[in-house]
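Architecture at a glance
The chain contents come next:
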Amino acid sequence: MITLLDENFSQLNQFLTEKTFSKIFILVDENTHEYCLPLLLGNLETDISFEILEIEAGEEMKNIQTANQLWEILTEMQADRKALIINLGGGVITDMGGFVASTYKRGIQFINIPTTLLSMCDASIGGKTGIDLMHYKNMVGTFSFPEQIYVYTRFLDTLPAKELKSGFAEMLKHGLIADKKHWEALIKLQHLDPTGIEPLIPQSMEIKQEVVNADFHEKNVRKTLNFGHTIGHAIESLCLQGENPILHGEAVALGMICESYLSYLEGLISKEDSDLIIENIQRYFSFIDLTDFKDEDIFNLLLNDKKNADAKINFSLISSIGSCVFDYQCSSENIQKSIDFYKKLSGF
Ligand SMILES: NC(=O)c1ccc[n+]([C@@H]2O[C@H](COP(=O)([O-])OP(=O)(O)OC[C@H]3O[C@@H](n4cnc5c(N)ncnc54)[C@H](O)[C@@H]3O)[C@@H](O)[C@H]2O)c1
Ligand SMILES: O=C(O)C(=O)C[C@@H](O)[C@H](O)[C@H](O)COP(=O)(O)O
Ligand SMILES: [Zn+2]
């Protein structure tokens, strides 16, 4: 289902020839419109008519208002159940487009063409679609697989460095939860650029795909993909409410620092491993200033995490580099200590 596209996009053209779609809707944001759509259209060979749907770029757009606008446009354009949505973009586009497709007329088909590192390695794979609600991350959504995922890594050539780094955080996560060798190969990279990262992308895609295949609906092992996200999502949500939103990968990097330290505090990993993980994440990611956030607000967000059950916060924690436990409950004292640890380390 994941295909690495050749330079003529022939696998995509073949797919469109074999199917009988009534119409194609290509969802882009302003940047993927400018940098990625020309390449797609230059290679697209199909008799099926298509429309371009463009939204503004950014996490702030991943909400019900945008979804509503897209449902309305599809309705006005009389999209029927044989219509196809092509999501051309990063995780915001694949999450949003997948959500709109999987709910419009109770579900039409969609394919993902990821254009960021983060969406290539993570967001386009696994069928989690959704939108944010009141700044709570991904609160409304569906589990719906795309028909196809087409990956073309040349899209990374125009991706801003900050966005490349954001995707790298999810790759580090894949190594930490499932594959020590992958982690070691990733941290060998001194500078992050598409050429250095590209050979490591297939392994990250494979880790994600394998976990999803084992537990599509996140009843058990899929929760490991959420390592770093319990605290990460809480901070990402708080930042989204303020003047300085941070990127998802930046939040995950912060979350992985706190949750690695928490893994140590809970006796799951040694201090040496915790230090090694944290030092390496720090090499790539600058610290985020948490001084404006109240601990109470962080804890309130943690209490709404999707992995929780029976009013208990369930963490996914590292049990060694390359393995992860889930549904792990920690003392409030240790959770607080892990946040204090980050604050102290960051020096703000
Ligand atoms: N569904 C999942 O499994 C999953 C997994 C991880 C993250 N996510 C979600 O993904 C989102 C983050 O995704 P993202 O980091 O891709 O963000 P994004 O979609 O906002 O893209 C990042 C930025 O890069 C621009 N861009 C995209 N491709 C480009 C290209 N080739 N050249 C130049 N600019 C380009 C975009 O316009 C945007 O400004 C978050 O909402 C996160 O919650 C979902
Ligand atoms: O695919 C998954 O499962 C993940 O947890 C991957 C995460 O990187 C991603 O950020 C996902 O959107 C988080 O999902 P959520 O259920 O915690 O909102
Ligand atoms: Zn993530």
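In what follows, the structure referred to is the one given above.
The paragraphs below set out a description of the structure included in this document. (Residues numbered from 1 in each chain as written. Chains lettered and ligands numbered in written order. Predicted model: local features only at pLDDT ≥ 70, side-chain atom pairs only at ≥ 80, totals over all residues. Heavy atoms only, no water.)

**Digging into unusual backbone geometry**
- Look at arginine 106: it is not a glycine, yet its phi comes out positive at around 65°.
- As for its position among the elements, arginine 106 is in the loop between helix 5 (91-103) and strand 5 (109-114).
- Judged by its relative accessible area of 76%, arginine 106 is exposed.
- Notably, aspartate 327 is not glycine yet its phi reads approximately 55°, a positive angle. (Helix = DSSP H or I, 4+ residues; strand = E, 2+ residues; numbered from the N terminus. Buried < 20%, exposed > 50% of the residue type's maximum accessible area, 1.4 Å probe, protein only.)

**Thoughts on helix 11 (residues 229-241)**
- Between its terminal C-alpha atoms helix 11 stretches 17 Å, which fits the 18 Å expected from 13 residues at 1.5 Å a residue.
- With twelve of 13 residues buried, helix 11 is to be regarded as a mostly interior element.
- Residues of helix 11 that are buried: His229, Thr230, Ile231, Gly232, His233, Ala234, Ile235, Glu236, Ser237, Leu238, Cys239 and Leu240. (Expected span 1.5 Å × (residues − 1).)

**What about the pairing of strand 8 (residues 148-151)?**
- Residues Gln148 and Tyr150 point to one face of strand 8 and Ile149 and Val151 to the other, with burial holding for every one of them.
- Where strand 1 (residues 2-4) meets strand 8, three bridges bridge the pair, whose relative direction is parallel. By the bridge assignment, threonine 3 is partnered in strand 8 with tyrosine 150.
- Across two bridges, strand 5 lies against strand 8 in parallel orientation. Along strand 8, the bridge assignment pairs asparagine 112 with isoleucine 149. (Pairing = 2+ DSSP bridges.)

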